Amino acid sequence: MAVHQKRAAVFVAEAENNADTESSDSELEFDEEDEIRLSEPSENAIYNRDGLLDKLEDISWPENVDWIHKLSLDVNQEQEVDANDDLARELVFYTQALEGTKEAFLKFQSVGCPFLTPAGYSGAMVKNDTHLEKVKDQLLAEKNRVEEAEERRKARENEKIAKEVEAQKLREKAKQEKEEKRSARQLQKERQESGLSGSEEDGDIGSADEDKSTFESDPSVGKAKDPTGKGKKEADKMRKNRDYRNSKHGLGRKKGMKKQSKTETTNDTIGGFKKSSFSKNKRRKA
Amino acid sequence: MGKKRKHVETVPEIHKEQQVEQQVVEDRTKYDNQTHSGPTFRNKEKVLVTCSRRINFRYRHLMLNLVSLLPHCKKENKVESKAALNELVELRSCSSCLFFESRKETDLYLWMAKCPTGPSVKFLVNAVHTMEELKLTGNHLNNSRPLLTFSSSFGKDTHWKLLKEMITQIFGTPKDQRRTTPYYDHVFAFSIVDDRIWFRNYQISCPRTEAETIDQEGLKKMTLVEVGPRFCLNPIKIFGGSFGGQTLYENPFYVSPNQIRSSDKKQKAGKYTKKVKAKIRKKMQELSKPLEEDEFADTWED
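Remember, it's a predicted structure, so these values are computed and weren't measured experimentally.

Calculation criteria
Residues numbered from 1 in each chain as written. Chains lettered and ligands numbered in written order. Predicted model: local features only at pLDDT ≥ 70, side-chain atom pairs only at ≥ 80, totals over all residues. Heavy atoms only, no water. Helix = DSSP H or I, 4+ residues; strand = E, 2+ residues; numbered from the N terminus. Buried < 20%, exposed > 50% of the residue type's maximum accessible area, 1.4 Å probe, protein only. Contact = heavy atoms within 4.5 Å. Areas by Shrake-Rupley, 256 points an atom, 1.4 Å probe, with all protein chains shown as cover. Salt bridge = Lys/Arg side-chain N within 4 Å of Asp/Glu carboxyl O. Polar contact = N/O pair within 3.5 Å; in protein donor to acceptor, adjacent residues only side chain to side chain. Disulfide = S-S within 2.5 Å. Phe/Tyr/Trp six-rings, centres within 6.5 Å; stacked < 30°, edge-to-face > 60°. Lys NZ or Arg CZ within 6 Å of the ring centre and 35° of its normal. Pairing = 2+ DSSP bridges. Right-handed = clockwise from strand over helix to strand, strands pointing away. Core = buried A, V, L, I, M, F, W, Y, C linked by side-chain atoms within 4.5 Å. pLDDT = per-residue confidence, 0-100. Expected span 1.5 Å × (residues − 1). Arc of directions from axis to C-beta. Patch = residues over 30% accessible without salt bridge, like charges linked within 9 Å, V, L, I, M, F, W, Y side chains within 5 Å. Lys, Arg positive; Asp, Glu negative; His and termini not counted. Charge placed at Lys NZ, Arg CZ, Asp CG, Glu CD.

1. Some details on the overall build of chain B
In terms of regular secondary structure, chain B is built from five helices and 11 strands. Considering chain B as a whole, with its 302 residues, one finds that 52% of them fall into the buried category. Looking at chain B alone, contacts between residues at least 24 apart form 65% of all its contacts between residues at least 6 apart. Only carbon and sulfur atoms are counted for the fraction: they give 49% of the accessible area of chain B, which is about 16,000 Å².

2. Some remarks on the interface of chain A and chain B
Quite often, the size of an interface is put as the accessible area lost when its parts meet. Between chain A and chain B, the contact holds 85 residues from the first and 100 residues from the second. Remark: the boundary between chain A and chain B carries four salt bridges. Here Asp74(A) ties to Lys164(B) by a salt bridge, and the two come within 2.8 Å at their closest N and O atoms. At the boundary of chain A with chain B, the tally comes to 28 residue pairs in polar contact (both at pLDDT 80 or more). Residue assignment for the side of chain A that touches chain B shows that the elements contributing at least two residues are α1 (2-25), β1 (28-30), β2 (36-38), α2 (49-59), α3 (67-70), β3 (72-75), α4 (86-111) and α5 (129-198) of chain A.

3. Quick look at the state of the cysteines
Counted according to the given criterion, the structure contains zero disulfides over all chains. Looking at Cys94(B), it has no disulfide partner, and the nearest cysteine sulfur is the one in Cys97(B), 8.0 Å off.

4. Description of the packing of aromatic side chains
When we look at a pair of aromatic rings, we describe it by the centre distance and by the angle of the planes. Applying the stated criterion to the full structure yields 18 aromatic pairs over all chains. Ring centres 5.4 Å apart and planes at 15° place the aromatic pair Phe150(B) and Phe190(B) in the stacked group. Highlighted residues: Phe150(B) in strand β6 (residues 147-151) and Phe190(B) in strand β7 (residues 186-193), separated in sequence by 40 residues. Of the two residues, Phe150(B) and Phe190(B), both sit in the buried class. Taken together, a centroid distance of 5.0 Å and an interplanar angle of 65° make the contact between Phe188(B) and Phe199(B) edge-to-face. Placement of the pair is Phe188(B) in strand β7 and Phe199(B) in strand β8 (residues 196-205), with a sequence separation of 11 residues. Residue Phe199(B) is classed as buried on the basis of its relative accessible area of 1%. The structure contains a cluster of three or more aromatic residues connected by ring pairs, namely Phe150(B), Phe154(B), Trp160(B), Phe171(B), Phe188(B), Phe190(B), Phe199(B) and Phe231(B). Positioned above the aromatic ring of Tyr47(A), the side-chain terminus of Arg49(A) is 3.8 Å from the ring centre.

5. Things to note about the pairing of β7(B)
A regular strand places its side chains on the two faces of the sheet in alternate fashion. Residues and elements named next belong to chain B. Across the eight residues of β7, eight count as buried, placing the element largely inside the fold. Here β7 shows a buried face lined by His186, Phe188, Phe190 and Ile192 and a second buried face lined by Val187, Ala189, Ser191 and Val193. Summarising the sheet, β6 and β7 pair through four bridges and their orientation is parallel. By the bridge assignment for β7, Phe150 is matched with Phe190. In this region the chain leaves β6, passes through helix α3 (residues 158-171) and returns to the parallel neighbour β7; the handedness of that crossover is left-handed. Where β7 and β8 come together, eight bridges link them in antiparallel fashion. What sits directly across from His186, in β8, is Gln203.

6. A closer look at the pairing of strand β3 (residues 96-103) of chain B
All names here are of chain B. Counting buried positions along β3 yields seven of eight residues, so the element is predominantly enclosed. Pairing between strand β1 (residues 47-51) and β3: five bridges, direction parallel. Residue pairing for β3: Val47 is matched across the bridge by Ser96. Two successive antiparallel strands, β3 and strand β4 (residues 107-114), enclose a turn made up of three residues, where Lys104 displays a positive phi of approximately 60°.

7. Brief notes about the nonpolar core
Counting residues in hydrophobic clusters, the biggest one holds 43 residues, and the most contacted among them are Leu98(B), Phe100(B), Met112(B), Phe171(B), Phe190(B) and Ile197(B). Per element, the largest residue contribution to this core is seven residues, and it comes from α3(B). Among the nonpolar cores identified, the runner-up in size contains 28 residues, and Leu116(A), Leu147(B), Trp198(B) and Cys232(B) belong to it.

8. As for the pattern of salt bridges
Residues and elements named next belong to chain A. For the structure on display, the rule yields 19 salt bridges over all chains. With a closest N to O distance of 3.5 Å, Glu90 and Arg89 form a salt bridge. Glu90 gets classed as buried once you look at its relative accessible area, which sits at 16%.

9. Examining the environment of Met222(B)
Note on placement: Met222(B) falls in the loop between α4 (216-220) and β9 (223-226). Classification of Met222(B) by relative accessible area gives buried; the value is 3%. In sequence terms Met222(B) and Ser205(B) are 17 residues apart; their C-alpha atoms lie 6.0 Å from each other. Ignoring any residue separated from it by four or fewer positions in sequence, one finds Met222(B) in contact with Leu98(A), Thr101(A), Lys102(A), Ile204(B), Ser205(B) and Cys206(B).

10. Things to note about the confidence of the model for chain A
Close reading of the predicted structure is inappropriate where its pLDDT is low. Residue and element names in this part refer to chain A. Put simply, chain A has an average pLDDT of 73, and 64% of its residues get 70 or more. Of all secondary-structure elements in chain A, the lowest mean pLDDT belongs to β1, at 39, while α5 reaches the highest, 93. Low confidence marks residues 202-211, where pLDDT is under 50. Its contacts with residues over four positions away, or in another chain, come to four contacts.

11. Section: helix α1 (residues 57-69) of chain B
Residue and element names in this part refer to chain B. Spanning 13 residues, α1 covers 18 Å between terminal C-alpha atoms, matching the ideal 18 Å at 1.5 Å per step. For α1, every residue scored as buried is listed here: Tyr59, Leu62, Met63, Asn65, Leu66 and Leu69. Buried residues of α1, seen end-on, are gathered within an arc of 160° and therefore sit on one face of the element.

12. With respect to unusual backbone geometry
Residues and elements named next belong to chain B. Along the chain, Gly228 connects to Pro229 via a cis peptide bond; the corresponding omega equals -10°. Tracing the sequence through the fold places Pro229 in the loop between β9 and β10 (230-241). Positive phi, close to 50°, is recorded for Ser93, a residue that is not glycine. With respect to the element layout, Ser93 can be found in the loop between α2 (85-91) and β3. Residue class for Ser93 comes out partly exposed when judged on its relative accessible area of 38%. At Asn143, a residue that is not glycine, the phi angle is positive and equals roughly 60°. Within the secondary structure, Asn143 sits in the loop between β5 (120-129) and β6.

13. Overview of a positive patch on the surface
Residues and elements named next belong to chain B. A surface patch of positive charge is lined by Lys104, Lys265, Lys268, Lys271, Lys275, Lys279 and Lys283. Relative to the helices and strands, Lys283 is located in helix α5 (residues 257-288). The partly exposed category is assigned to Lys283, whose relative accessible area is 48%.

14. Concerning the confidence of the model for chain B
Residue and element names in this part refer to chain B. Looking at chain B, pLDDT values average 83 and 84% of them are 70 or higher. For residues 7-37, every residue scores under 50 in pLDDT, and the model assigns this stretch 44 contacts once sequence neighbours within four places are set aside. Under the prediction, the complex receives an ipTM of 0.77, its pTM being 0.64.

Rendered as structure tokens:
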């Protein structure tokens, strides 16, 4: 027991040592890409506000400078944006810039300065034409890709729909045919009944005929009690049966298996199969 | 002691450092009735743009993009060390500097400094997308003055105010710069998200019916197309002097990329030790809570 306790103590000590190093790692949180933020600000961060304000006054331009020199605009941005959410972040930047330009435009109007480039102005641009060609090609290629994908998807769906429609049509046709057959049989039956009722004066013969005919022509007996058309299917299946085929065309391939030692063949003569007319004929006649 | 310069100086004090001044030119304190500002204010801002050696291709393209965006900048060859930068800036008679420092060929630090006396900031640059990316489809006139938009969060704290002022002066093109075109067709957007400054550059595109004026209708249909480049600045420290000096501000949430990489490696290295620990823990458990005797343990023994 003592040995066990000692070992446990050693294990505990090791675990404690390792726990310390782990806790220091847990302070760091992973933010975006390779950047990490400390969860608590470090204690020794300098923040010399007075010094900063001094420097700000040093470098800033005088108060009454025209806005046209600075061209800077402040846009209200109240919402907290998550830096990792790309779309939302870009949207915030975009709206900020857009509002800024609208304000700037109003200011320009009040001062009377020209704002945007006039329609016919041609000047050197920041990106040259070859680069813009590449951009255009890329955009076109992407648009084509998207369109092709759409077309393929639509074609697939159309195929599906077309198949369904066809299947439906076939089903309806089959239904119709059945209905017609049934109605035809009904008519026949009625006609026979009415015909029989017309010739009832014949007496017994007529009644016997009636029975027979009703029995034979009664559609619910024997033949077609299948509104779903399964009887036809079963007939088809029977035709594909092995036994049926064998009966029609013989035993098929297995020619090699004809000569076999079975109970039936034990009495076949060893010496050969020369027919002695004497014995065979006897059997046959019997 | 900060030297506070007043905008009206009857008896100007001439100091050596003020010779490279950008603001009020002492000899010409005229009161111009046409302009609203008192004396003629001339923005003589010039920015020196350089990088360190062994810079990545992507960051080099970013620097070149910025050079094309700022018509009031001067591009300089690669510099070996930061120490000579102040002299270089003065040599080229520039008043500010953008220095791209790349470390280990993966990290990019951007120094924004007002020379010779002004404050300087060191940023860590992330999420770089250059103008050559095919998804950024906009285009604007070369050498046109940008409109600068800032989110309202820039006014909330002192260091943001200072940064805003520096950005306005460095990224805003002077009005009477020689190379500028008189039209305004692109806009910069600086926003603060997650304690970082995000930069975007958009082209203003407006469908227009008449030649000159844009009415309210046109204003509603105005759209912005992104031109690029894109980057994200994480401020590390603000210094009182140019490329050095007293630390005025330190970002409490900043973790250097080296630390990130080392912590990653430690985590990976800890796999095997964790396995061993888990085994030991399991043994301890078994020892502390012994199993009950199984009645049926020897039923199959023969």
